[in-house]
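Each chain is listed here by its residues.
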Amino acid sequence: MQRFDNLSSARPLPVYRSDNGNLYRYAIAAINHGGEIVIDFDIKHLYDAEAVAALITSQGYADGSELERVSRK
């Protein structure tokens, strides 16, 4: 994954697999000076998605290691 810098905030973004609304996974929506960026993490649980979003917001960038870092805690 490429690194995204200058991120001011991030939030979980539900991604749906089917038309009936069954939740499949979460990605992360982050904001930088160019607008909103969707970062395609394959996150299965909301609490992991929230932890990844909080980490990205606090560090101001995303480099792809965030899910691994929050799941070790």
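Residue numbers here run from 1 along each chain, matching the order of that chain's written sequence. Residue-level local features of this predicted model are given only where pLDDT is at least 70; pairs of side-chain atoms are given and counted only at 80 or more, and the full residue set underlies all totals for whole chains, interfaces and linings. Water and hydrogen atoms play no part in the side-chain values, which are based on all heavy atoms of the structure.

Novice: Explain the side chain of Glu66 to me, and be specific about the residues and the numbers.
Specialist: The helix count covers DSSP runs of H or I at least four residues long, the strand count covers runs of E at least two residues long, and both are numbered beginning at the N terminus. Counting through the fold element by element, Glu66 comes out in helix H2 (residues 66–71). Although Glu66 is buried, it makes no salt bridge; Arg69 carries the closest opposite charge, 4.3 Å away. The contact criterion used throughout is that any non-hydrogen atoms of two residues lie within 4.5 Å. Other than its neighbours up to four places away in sequence, Glu66 contacts Phe41, Val52, Leu55, Ile56, Gln59 and Tyr61. Think of it in three bands: with a 1.4 Å probe and only protein chains considered, a residue is buried below 20% of the maximum accessible area for its type, exposed above 50%, and partly exposed in between. Neither His nor the chain ends is counted toward charge; the positive residues are Lys and Arg and the negative residues Asp and Glu. For this document, the term salt bridge refers to a Lys or Arg side-chain nitrogen within 4 Å of an Asp or Glu carboxyl oxygen.

Novice: Let's hear about the pattern of salt bridges: which residues, and what values?
Specialist: For the coordinates displayed, the defined rule picks out five salt bridges. Of the charged contacts in the structure, one is a salt bridge between Asp40 and Arg25, with a shortest N-O distance of 2.6 Å. Within this pair, whereas Asp40 is found in strand E3 (residues 35–43), its partner Arg25 is found in strand E2 (residues 23–32), the two being separated by 15 residues in sequence. Using a relative accessible area of 55% as the deciding quantity, one classes Asp40 as exposed. Ionic pairing is found between Asp42 and Arg25, a salt bridge with its closest N-O pair at 4.0 Å. Placement of Asp42 in strand E3 and of Arg25 in strand E2 is noted, with a sequence separation of 17 residues between them. With a relative accessible area of 14%, Arg25 lands in the buried category.

Novice: Requested: an account of the sheet that holds E3, with residues and values cited.
Specialist: Here, a strand pair is defined by DSSP locating no fewer than two bridges between the strands. Reading across from one edge, E1-E2-E3 is the order of the three strands in this open sheet, with antiparallel pairing throughout. In this open sheet, the two edge strands, each paired with only one partner strand, are strand E1 (9–16) and E3. This sheet shows a mean twist of 30 degrees between the axes of neighbouring strands, independent of strand direction. The sheet contact formed by E2 and E3 spans six bridges and is antiparallel. Bridging from a neighbouring strand, Ile28 pairs with Ile39 of E3. In this analysis, axes come from line fits to C-alpha atoms, helices being fitted only over the stretch in contact, and the angle between any two N-to-C directions falls in the range 0 to 180 degrees. Where helix H1 (residues 46–59) meets the sheet, its contacts fall on E1, E2 and E3, and the angle it forms with E1 comes to roughly 150 degrees.

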